[in-house]
Amino acid sequence: MSDSPKHDRLEARPVGDDSLLFVDDDHFREETVCLVTGGGSGIGRATAVAMAANGVTAVATDVDEDGLAETAALAEDVDADGRVETVVGDLTDDGDIERVVEAAAGHGTLRYLANIAGMQHIDAVEDFPMEQYDRMHDVMLRAPLYLAKRTIPHVRETDDGVGAIGNMASVHGHYVTSDKVGYNVSKFGLRGLTQSIAAEGGDGLRAYSISTGYVKTPLVTDQIPDTAEQRGISVDEVIDDVMLGQSRVKEMMDPVDVANLFVFGFSEHARHLNGGDLLFDGGMTLTYE
Ligand code: NAD
C-alpha cells in the first residue's frame, strides 16, 4: 500500500537563512552575474536563489516562464542581498542561447555559469527513441558547451579574468543504471566537457562538476508514490531500498544542499577545484555492501 504523496521524507527543506551556505568572497556582489539554467525548478531554482542570497545577481533561465516567476518570488521571500533576474529561453535553440547569454551580460559582469537544466527518459537501448536521445543531448550536453563558449569571452574581458563554469552531472556520470542511456551518456559527457574547459581555462577561469544521487525535486518526488503503488510497497521502502539501496546515507538530498555546493564551487575557496567533480552521493558509487 502506498503512502500519501505528502510523505514528509519527500518534502524538500525550504531554501532560507537556516539552510543556505553564506560565503565571503570579493566577487560575490551585485555587479557580478551568475547565469543559471534550469532556473525555473528544483536545483536550478535553489541555485539561483542561493547565489542571490550571497549577493550576486543571478540570471535564471528556463523554458518555464511561470517557474521562473516563482524563483524570483522565492528570492524576495528569503530577502536575498542580491537579486534574481529571469529570461525565458529554450536550450535546444542556438539563437535563444545567444540571447540568454547577452541578457545575462547586460545585467553586470558575467563571471559564473551554472549548467543545470536537464531531463530524464527511461527506455532500453534497443527501444530508445533517437529523437528523445537528440533532445537530451542538446539540452544536457550541447547547450552547456555553447553556453560556455558564449560566456567565456565575457569572463576573459573582466579586470582579473576570474570566473567559473559549474556543471550539474550526477552519479550517472560515474556509473550507470539500465534504461537511462540518454542520461548516462550526457552526464559522462558533461564531465568530459568540464575537464576540457579546465584544460583551457588558464589563470582565473575554472570549471567543475557536481555529482549527486537523488535530490528532492519534482522530477524525482512526483514519481515515488506511483512507484510505491505499482510495486505494492510503501514510500519508505521505495526510498530506502529501491532508490537509496546502494547509498549509506538513507535520505535524499535537498535542492538547497546542491545549491550550496554551487556557491562553494564558484567561490574563491574552491580556487583549486578545476576540472574536478564534487561527488556528494552518500557513498552510493564508491562503497559496496
Ligand atoms: P527539474 O525538472 O526540477 O528542473 C529541470 C529544469 O530544466 C526544468 O525547469 C525544465 O523546464 C528545464 N529545462 C528542460 N528542458 C529545457 C530546455 N529545452 N530549455 C530550457 N530549460 C529546460 O529537475 P532537477 O531535479 O532540478 O534537475 C536539474 C539537474 O540536476 C538536471 O541536469 C538533472 O539531471 C540533475 N540531477 C538531478 C538529480 C535529482 O535527483 N533530482 C540528481 C542528480 C542530477
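Higher on the page you've got the structure.
Residues numbered from 1 in each chain as written. Predicted model: local features only at pLDDT ≥ 70, side-chain atom pairs only at ≥ 80, totals over all residues. Heavy atoms only, no water.

Novice: Sorry if this is basic, but what is going on with the overall build of the chain here?
Specialist: What the chain contains, in helices and strands, is 9 helices and 7 strands. The C-alpha atoms of the chain give 18 Å as radius of gyration, which agrees with the globular expectation for 289 residues (19 Å, within 12%). Principal axes of the C-alpha set define a box for the chain whose edges measure 60 × 40 × 35 Å. Within the span of the chain, comprising 289 residues, buried residues form 54% of the whole. By sequence separation, contacts in the chain at least 24 residues apart represent 76% of the contacts at least 6 residues apart. (Helix = DSSP H or I, 4+ residues; strand = E, 2+ residues; numbered from the N terminus. Rg over C-alpha atoms; globule rule 2.2 N^0.38 Å. Buried < 20%, exposed > 50% of the residue type's maximum accessible area, 1.4 Å probe, protein only. Contact = heavy atoms within 4.5 Å.)

Novice: I'm lost on helix H5 (residues 181–201) in this one. Help?
Specialist: Owing to its 3.6 residues per turn, the α-helix aligns residues three or four sequence positions apart on the same side. Between its first and last C-alpha atoms H5 spans 30 Å; for 21 residues at 1.5 Å apiece the expected length is 30 Å, and the two agree. Buried residues of H5: Gly182, Tyr183, Asn184, Ser186, Lys187, Leu190, Leu193, Thr194, Ile197, Ala198 and Gly201, and no others. Here the buried face of H5 lies against helix H4 (130–156), strand E5 (163–168) and strand E6 (205–212). Looking one or two residues past H5, Gly202 carries a phi angle of roughly 75°, positive in sign. (Expected span 1.5 Å × (residues − 1).)

Novice: Mind showing me how you'd approach a negative patch on the surface here?
Specialist: Where like charges cluster on the molecular surface, the negative patch consists of Asp17, Asp18, Asp79 and Asp81. Considering the arrangement of structural elements, one finds Asp17 in the segment before strand E1 (32–37). (Patch = residues over 30% accessible without salt bridge, like charges linked within 9 Å, V, L, I, M, F, W, Y side chains within 5 Å. Areas by Shrake-Rupley, 256 points an atom, 1.4 Å probe, with all protein chains shown as cover. Salt bridge = Lys/Arg side-chain N within 4 Å of Asp/Glu carboxyl O. Lys, Arg positive; Asp, Glu negative; His and termini not counted. Charge placed at Lys NZ, Arg CZ, Asp CG, Glu CD.)

Novice: I'm lost on the sheet that holds E1 in this one. Help?
Specialist: To summarise the sheet geometry, strands pair through backbone hydrogen bonds and adopt either a parallel or an antiparallel arrangement. Within the open sheet, the 7 strands sit side by side as E3-E2-E1-E4-E5-E6-E7. Their pairing is parallel. The open sheet has two free edges, formed respectively by strand E3 (83–88) and strand E7 (277–280), since each of these has just one partner strand. When the angles between neighbouring strand axes are averaged without regard to direction, this sheet yields 20°. Sheet analysis places strand E4 (residues 109–115) next to E5, joined by 4 bridges and oriented parallel. For Asn115, the partnering residue across the bridge sits in E5 and is Asn167. Packed onto the sheet, helix H1 (residues 42–53) meets E1, strand E2 (57–62), E3, E4 and E5 and runs at close to 170° relative to E1. The strands touched by helix H9 (residues 255–266) within the sheet are E1, E4, E5, E6 and E7, with E6 carrying the most contacts at an inclination of about 160°. (Pairing = 2+ DSSP bridges. Axes fitted to C-alpha atoms, helices over the stretch in contact; angles between N-to-C directions.)

Novice: Looking at this structure, how should I read the site of the ligand?
Specialist: Taken together, 29 residues lie near the ligand, and Ser41, Asp62, Tyr183, Val215 and Thr217 sit nearest. Contact between the ligand and Asp90: a nitrogen atom at 3.0 Å from a side-chain N or O atom of the residue. Contact distances for the ligand include 2.8 Å between an oxygen atom and a backbone N or O atom of Ile116. Starting from 830 Å² of accessible surface for the ligand in isolation, the protein chains cover 92%. Mapped by element, the contributors of at least two residues to the shell around the ligand are H1, H4, H5 and helix H6 (218–221). Top contributing element to the shell around the ligand by residue count: H6, with 3 residues. Split by residue class, the shell around the ligand holds 15 nonpolar, 10 polar and 4 charged. (Near = heavy atom within 4 Å. Polar contact = N/O pair within 3.5 Å; in protein donor to acceptor, adjacent residues only side chain to side chain. Nonpolar A, V, L, I, M, F, W, Y, C, P; charged D, E, K, R; others polar.)

Novice: Is there a simple way to think about the packing of aromatic side chains in this case?
Specialist: Two descriptors summarise a pair of aromatic rings, namely the distance from one centre to the other and the angle between the planes of the rings. Enumeration according to the criterion identifies 6 aromatic pairs in this entry. For the pair Tyr208 and Phe262, a centre-to-centre distance of 6.2 Å together with 55° between the ring planes defines the contact as tilted. Taken together, the residues Tyr208 in strand E6 and Phe262 in helix H9 connect sequence positions 54 residues apart. Each member of the pair, Tyr208 together with Phe262, is buried. Between Tyr208 and Phe266, the aromatic rings sit 5.5 Å apart at their centres with planes inclined by 75°, giving edge-to-face as the arrangement. Within this pair, whereas Tyr208 is found in strand E6, its partner Phe266 is found in helix H9, the two being separated by 58 residues in sequence. We note that Tyr208, like Phe266, is buried. Three or more aromatic residues joined by ring pairs make a cluster, and in this case those are Phe28, Tyr112, Tyr208, Phe262 and Phe266. (Phe/Tyr/Trp six-rings, centres within 6.5 Å; stacked < 30°, edge-to-face > 60°.)

Novice: Is there a simple way to explain the packing of H1 against H9 in this structure?
Specialist: For any two helices packed against each other, the geometry is given by the interaxial angle and the distance between the axes. Contact geometry of H1 with H9 gives a least axis separation of 8 Å together with a crossing angle of 50°. When the interaxial angle is binned, H1 and H9 end up oblique. Read as a crossing pair, H1 and H9 show a hand that is right-handed. Seen from H1, the contacting residues are Gly42, Ile43, Ala46, Thr47, Ala50 and Met51; seen from H9, they are Pro255, Val256, Val258, Ala259, Phe262, Val263 and Phe266. Here the residues of the contact of H1 with H9 sort into 11 nonpolar, 2 polar and no charged. (Parallel < 35°, antiparallel > 145°, perpendicular 65-115°, else oblique. Left-handed = near helix turned anticlockwise from the far one by under 90°.)

Novice: I keep staring at the pairing of E2 and nothing clicks. Help me out?
Specialist: Taken residue by residue, a regular strand's side chains alternate between the two faces of the sheet. A large share of E2 lies buried, amounting to 6 of its 6 residues. By the alternation rule, side chains of E2 split into Thr57, Val59 and Thr61 and Ala58, Ala60 and Asp62, which are all buried. Of the strand pairs in this sheet, E1 and E2 are connected by 5 bridges, and their pairing is parallel. Within E2, the residue paired with Cys34 across the bridge is Ala58. This β-α-β element, E1 to H1 to E2, shows right-handed connectivity. With 6 bridges joining them, E2 and E3 adopt parallel strand pairing. The residue of E3 that forms the bridge with Ala60 is Thr86. One crossover worth recording links E2 to the parallel E3 by way of helix H2 (residues 65–77), and it is right-handed. (Right-handed = clockwise from strand over helix to strand, strands pointing away.)

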